[in-house]
Amino acid sequence: MIRTRMAPSPTGEYHIGHIRTLLFNYAYAKKFEGKFIIRIEDTDRKRYVEGAVPRILDTIKSFGLEWDEGPDIGGPYGPYTQSQRLEIYKKYALELVEKGCAYYCFCSREHLDKVRKESLAKREIPKYNRYCRELSLDEAKKRAENEPFVIRLKVPDNEVLEYEDLVLGKIAINSDNLDDQVLIKTDGFPTYHLAVVVDDHLMRITDIIRGSEWISSTPKHILLYRYFGWQMPKTAHIPVFLDPLSKGKMSKRKGSVSAQSFLDRGYLPEAMLNFLALLGWSPTDGKELFSLENFVKNFDIKSVNKANPIFDINKLNYFNGYYIRALSDKELLAKMLNFNPELKKADREKLAKIVALEKERLKTLGEFESLTKFFFNDRFNISDRDFVELLVPKGIGPKDIISHLRNTSNLLENAELWNLSTLKKLEAKLKDKAGELGWEVINVFSPIRVAVTGSAISPPLFESMEILGKEKTVGRIRNGIKILEKHIF
Ligand code: GLU
């Protein structure tokens, strides 16, 4: 049975790239009716961040992805948190020592720093100089009773370590490039390398899908599997995705890359998963919009690209808009209320109309608030100067705009019925006005739009007026006139 895993380290915010890697692991397991496992890799105590584990698990759940075994739900090969497995790693490390595949090292930090500096000065790859490698086991064991120590891997000299990666193909590296890797640290915790190999073996992981930044670790793992006499799982190193502008790795400095931050900005999990699935993989039928279920069905690890995909936020916005429009008005309203509970205070009928109106152009749930605040607030967040500038289109005198707005407010005031069909008739009338005045159509509507919504860009104007109601609409146009008069005369 296929068993894949994702192994978050609780060192801070979960990166959006992790969700993509997790998605591939998830899909691969589910495609073959296997199991997907979450394991917490918290052995680096210096980088451990309090509270990060529940946050990471919550984020993964919010993306709609679930696991079959994990730290919170347990499973047959638990515990699934490495800090609760220290005895296990110790046992396996000592087994390697007894076999002559690993050794105690007592070198001080100062000694190691000196060695490092010397190799850097000689322009060599800094590596431990194997000072303790030839100590007799008896002597080492005795010293280990009183002295701090680490346990190191015995790396063979000049041996080509080869493996077949499911994505990258054949990879070969000479063991001379490898350091005698620390397996157990002075604090008794294992390093990533020992813990990952022991756990992947004990948890019966069959396929390791991880970011290509881990590729240089794999040769060390090959040695460990060989020394233990275990079969190594298959590996697939998937390309990391790049920032569209710098073409470098996406990092915090270049904007928020935390997975949670995308949900907080109102990207829908379904849209995100669809978008992320395409970062490194493409469907054979060329259809880019698909559900998670379909992705699981069609995903093939062998067709993951080697090239680094680019994280194109415009494409994500397009996808998100598509998924928003695929919702019914009612579903979108429910999502909006969930996303922004403040909206619960608004008149529900009015809100429902606004949501339906905005649906056509909304890219994220997060932008709803700024796009629609004019519906709820008569005061616009704009200075009088900027307001006046927006109200008066170039090439038209302010006095002409005042009289145009006055006519419009009278026209609207006299409307007998305040519904969309009446308003649409008035809109047509105003359009004809453009001809009479010799103005561009846009110059007829723009001042009205600015007066009513406080912005040159808004949802459809007459639909918005209908929702706002007659009194507010007319009141706002009159207010616009007042401000214009104040600043012009
Ligand atoms: N704990 C590692 C990480 O934080 C997992 C690497 C792996 O998948 O082997 O990404």
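Residues numbered from 1 in each chain as written. Predicted model: local features only at pLDDT ≥ 70, side-chain atom pairs only at ≥ 80, totals over all residues. Heavy atoms only, no water.

## Some remarks on the overall build of the chain
Thought 1: Across its full length, the chain holds 20 helices and 9 strands.
Thought 2: On C-alpha atoms alone, the chain measures out to a radius of gyration of 32 Å, which is more than a quarter above the 23 Å that the 2.2 N^0.38 rule sets for 489 residues.
Thought 3: Taking the intrachain contacts of the chain between residues at least 6 apart in sequence as the baseline, contacts between residues at least 24 apart amount to 74%.
Thought 4: Summed over all atoms, the accessible surface of the chain reaches about 24,600 Å², with 50% contributed by carbon and sulfur. (Helix = DSSP H or I, 4+ residues; strand = E, 2+ residues; numbered from the N terminus. Rg over C-alpha atoms; globule rule 2.2 N^0.38 Å. Contact = heavy atoms within 4.5 Å. Areas by Shrake-Rupley, 256 points an atom, 1.4 Å probe, with all protein chains shown as cover.)

## Description of the pattern of salt bridges
Thought 1: All told, the structure shown has 31 salt bridges when counted by the stated rule.
Thought 2: Notably, a salt bridge pairs Lys61 with Asp72, separated by 4.0 Å at the nearest N-O pair. One end of the pair, Lys61, is in helix H2 (residues 52–62); the other, Asp72, is in the loop between H2 and helix H3 (86–99), and 11 residues separate them in sequence.
Thought 3: Given a relative accessible area of 44%, Lys61 falls into the partly exposed group.
Thought 4: Classification of Asp72 by relative accessible area gives partly exposed; the value is 41%.
Thought 5: Among the salt bridges present, the one from Asp180 reaches Arg133, with a minimum N-O distance of 2.9 Å. Taken together, the positions of Asp180 in the loop between strand E6 (169–174) and strand E7 (182–184) and Arg133 in the loop between helix H4 (109–121) and helix H5 (137–146) put the pair 47 residues apart, joining distant regions of the chain.
Thought 6: Relative accessible area serves as the criterion here: at 14%, Arg133 is assigned to the buried category.
Thought 7: A single salt-bridge network, built from bridges that share partners, covers Arg5, Arg39, Glu41, Arg85, Asp199 and Asp200. (Salt bridge = Lys/Arg side-chain N within 4 Å of Asp/Glu carboxyl O. Buried < 20%, exposed > 50% of the residue type's maximum accessible area, 1.4 Å probe, protein only.)

## Concerning unusual backbone geometry
Thought 1: Residue Pro79 is reached from Gly78 by a cis peptide bond, and omega for that bond is -5 degrees.
Thought 2: At Arg130, a residue that is not glycine, the phi angle is positive and equals roughly 60 degrees.
Thought 3: By secondary structure assignment, the location of Arg130 is in the loop between H4 and H5.

## What about the environment of Thr21?
Thought 1: Note that Thr21 resides in helix H1 (residues 16–31).
Thought 2: Thr21 sits in the buried class, given a relative accessible area of 7%.
Thought 3: When the C-alpha atoms of Thr21 and Arg5 are compared, they prove to be 10.0 Å apart, with 16 residues separating the residues in sequence.
Thought 4: Non-local contacts of Thr21, meaning those with residues more than four positions away in its chain, are made with Met6, Ile209, Arg210, Gly211 and Ile238.

## Digging into the pairing of E6
Thought 1: Note that strand E5 (residues 160–165) and E6 share 6 bridges and pair antiparallel. What sits directly across from Val160, in E6, is Asn174. (Pairing = 2+ DSSP bridges.)

## Quick notes on the UniProt feature "binding site: Zn(2+)" (unreviewed entry) in the chain
Thought 1: According to UniProt, the "binding site: Zn(2+)" (unreviewed entry) feature falls on Cys105, Cys107, Cys132 and Glu134. Over a stretch of 30 residues, the named residues converge on one spot in the fold, their C-alpha atoms separated by at most 13.0 Å.
Thought 2: Summarising the element assignment, Cys107 is placed in the loop between strand E3 (102–105) and H4.
Thought 3: Among all residues touching Cys107, those that are not within four sequence positions of it are Leu112, Tyr128, Tyr131 and Cys132.
Thought 4: Judged by its relative accessible area of 69%, Glu134 falls in the exposed class. (UniProt positions renumbered as here; feature names shortened; annotations may be inferred.)

## Looking at the sheet that holds strand E4 (residues 150–153)
Thought 1: Read across the sheet, 3 strands follow the order E3-E4-E7 without closing on themselves; strand pairing throughout is antiparallel. The open sheet has two free edges, formed respectively by E3 and E7, since each of these has just one partner strand. For this sheet the average axis-to-axis angle between neighbouring strands, irrespective of direction, equals 40 degrees.
Thought 2: Bridge count between E4 and E7: 2 bridges; the pairing is antiparallel. Within the sheet, the bridge partner assigned to Arg152 lies in E7 and is Val182. (Axes fitted to C-alpha atoms, helices over the stretch in contact; angles between N-to-C directions.)

## Side note on the UniProt feature "domain: Aminoacyl-tRNA synthetase class I anticodon-binding" (unreviewed entry) in the chain
Thought 1: Cross-referencing UniProt, the feature "domain: Aminoacyl-tRNA synthetase class I anticodon-binding" (unreviewed entry) maps to residues 340–481 in the present numbering.
Thought 2: End C-alpha to end C-alpha, residues 340–481 measures 34 Å, and it is 68% helix and 0% strand.

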